[in-house]
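Chain residues, written in single-letter form:
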Amino acid sequence: MNELQVETRHVGDVAVLYPKGYINAHTARAFESEIRSALRQERFKLVVNAVGLQYIASAGLGAMMGAIEEIREHGGDLRLCGLSESVLHIFEILGFHHLYRIFPSEAEAVASFRADGREDS
């Protein structure tokens, strides 16, 4: 069962990934490949827009965990948005909601990177 499509688009210096379908043991490599592609392009600000994601298994979570150290070492982060109730529940059960910032919308997730760099006076 290979039921995953992942598209990527760039919003300024943020790479937004759009997984659609299921991330499981059979499809996690495709998801990880998109993350790695962004890193090879030196894009370390990533947003995973999960609005089309129906399910994520431990293999998908592992793909994110496998990249997060490199992402954060380069001053970036991986943020999430558009999680369905069931996908959010998986993140909460495993405690991943403490490791990643989760936003209701893509616009808020992307804007959070700009807010991080803002110097308030």
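Look up a bit, the structure's there.
Described below are features of the structure shown in this document. (Residues numbered from 1 in each chain as written. Predicted model: local features only at pLDDT ≥ 70, side-chain atom pairs only at ≥ 80, totals over all residues. Heavy atoms only, no water.)

### Things to note about helix 3 (residues 85–93)
Rules: Here the term buried applies to any residue with accessible area under 20% of the maximum for its type, exposed to any over 50%, and partly exposed to those in between, with areas from a 1.4 Å probe on protein chains only. Where helices and strands are cited, they refer to DSSP runs of H or I of at least four residues and of E of at least two residues respectively, numbered from the N terminus. Starting at the helix axis, one direction is taken to each C-beta atom, and the arc is that of these directions. Contacts: residue pairs with any heavy atoms within 4.5 Å of one another.
Considered for burial, the residues of helix 3 that qualify are Val87, Ile90 and Phe91. The arc that holds every buried residue of helix 3, seen down its axis, measures 95°, which confines them to one face. In helix 3, the exposed positions angled more than 90 degrees off the buried face are occupied by Glu85 and Ile93. Residues of helix 3 that are buried in the fold lie against strand 4 (53–56), helix 2 (58–73) and strand 5 (77–81).

### Structural notes on the pairing of strand 2 (residues 14–23)
Inclusion rule: Being paired, for any two strands, means DSSP has found at least two bridges between them.
The buried fraction of strand 2 is high, at 7 of 10 residues. Pairing between strand 1 (residues 4–11) and strand 2: 8 bridges, direction antiparallel. For Val6, the partnering residue across the bridge sits in strand 2 and is Pro19. Here strand 1 hands over to strand 2 after 2 residues, with Gly12 in that stretch at a positive phi of 65°. Sheet topology note: the strand 2/strand 3 (residues 45–49) ladder contains 4 bridges and is parallel.

### A closer look at helix 2
For the record, the criterion: One less than the residue count of a helix, multiplied by 1.5 Å, gives the span that helix is expected to have. Two axes are fitted around each residue, one to the seven residues ending there and one to the seven starting there, and the angle between them is reported as the bend at that residue.
Given a rise of 1.5 Å per residue, 16 residues ought to cover 22 Å, and the 23 Å separating the end C-alpha atoms of helix 2 matches this to within 8%. Considering bend angle alone, the principal kink of helix 2 is centred on Ala67 and spans about 35°. Taken together, the buried positions of helix 2 are Gly60, Leu61, Ala63, Met64, Ala67, Ile68 and Ile71. Among the structural elements, strand 2, helix 1 (28–40), strand 3, strand 4, strand 5 and helix 3 are those in contact with the buried residues of helix 2. Remark: Gly75 follows helix 2 within two positions and exhibits a positive phi of approximately 80°.

### Here we look at the side chain of Asn49
Test applied: Whenever two N or O atoms come within 3.5 Å, that pair is a polar contact, provided that in protein one can donate a hydrogen and the other can accept it, and provided that, for residues adjacent in sequence, both atoms are side-chain atoms.
If you trace the backbone, Asn49 turns up in strand 3. Given the relative accessible area of 8%, Asn49 is considered buried. Within polar-contact distance, the side chain of Asn49 engages the backbone nitrogen of Val51 at 3.1 Å. Reaching out from Asn49, the side chain makes a polar contact with the side chain of Glu106 at a distance of 2.8 Å.

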